[in-house]
Amino acid sequence: MDAPEPNTHAFVIRIWLEETALEGGRANWRGHITHVLTRERRYVEQPDDIILFILPFLQAMGIRPSLRWRFRQWRHQRRAAQAAPPALNHTPTGHE
């Protein structure tokens, strides 16, 4: 494998159709995107998920996304934080 070029990122995107009986035989597309160098992978269910995965890599290269995409990134991060289970706050009491 060739050495990575500076300021270059490669991604592999795999998408497929998934048909479910619960949705009346309607097919939904699913997929995943993988950053080749780090092997970081995210499963996706809509096209915006692909762009939201790539966006931090572009920002690290100094590319400033449009206001629209920054808002989508913020909204995605906010939804993810709201969906995450609450952290366990364990404060030692000294009685344990």
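Calculation rules
Residues numbered from 1 in each chain as written. Predicted model: local features only at pLDDT ≥ 70, side-chain atom pairs only at ≥ 80, totals over all residues. Heavy atoms only, no water. Helix = DSSP H or I, 4+ residues; strand = E, 2+ residues; numbered from the N terminus. Buried < 20%, exposed > 50% of the residue type's maximum accessible area, 1.4 Å probe, protein only. Contact = heavy atoms within 4.5 Å. Areas by Shrake-Rupley, 256 points an atom, 1.4 Å probe, with all protein chains shown as cover. Core = buried A, V, L, I, M, F, W, Y, C linked by side-chain atoms within 4.5 Å. Pairing = 2+ DSSP bridges. Axes fitted to C-alpha atoms, helices over the stretch in contact; angles between N-to-C directions.

### Some words on the overall build of the protein chain
Link 1 in the chain: Helix and strand content of the protein chain: two helices and three strands.
Link 2 in the chain: Counting helices and strands in the order they occur from the N terminus, the protein chain gives β-β-β-α-α.
Link 3 in the chain: Burial status across the protein chain gives 19% buried among its 96 residues.
Link 4 in the chain: Within the protein chain, contacts between residues separated by at least 24 positions form 22% of all contacts whose residues are at least 6 apart in sequence.
Link 5 in the chain: Here the protein chain has roughly 8,100 Å² of accessible surface; of this, 55% comes from carbon and sulfur atoms.

### Observations concerning the nonpolar core
Link 1 in the chain: Within the largest apolar cluster, six residues are counted, these being Ile33, Val44, Ile50, Phe53, Ile54 and Phe57.
Link 2 in the chain: If one sorts the elements of this core by residue count, helix 1 (residues 47-60) sits on top with four residues.

### Quick look at the sheet that holds strand 3 (residues 41-44)
Link 1 in the chain: In space, the three strands of this open sheet follow the order 1-2-3, with antiparallel pairing throughout. Each edge of the open sheet is held by one strand with a lone partner, namely strand 1 (11-19) and strand 3. Strand-to-strand twist across the sheet, computed as the mean angle between neighbouring axes with direction ignored, equals 15°.
Link 2 in the chain: As judged from the four bridges shared by strand 2 (residues 27-35) and strand 3, these two strands associate in the antiparallel manner. Each bridged residue has a counterpart across the sheet, and for Thr34 the counterpart in strand 3 is Arg41.
Link 3 in the chain: Docked against the sheet, helix 1 engages strand 1, strand 2 and strand 3, running at close to 10° with respect to strand 2.

Scope: geometric values only; no functional claims are made or implied.
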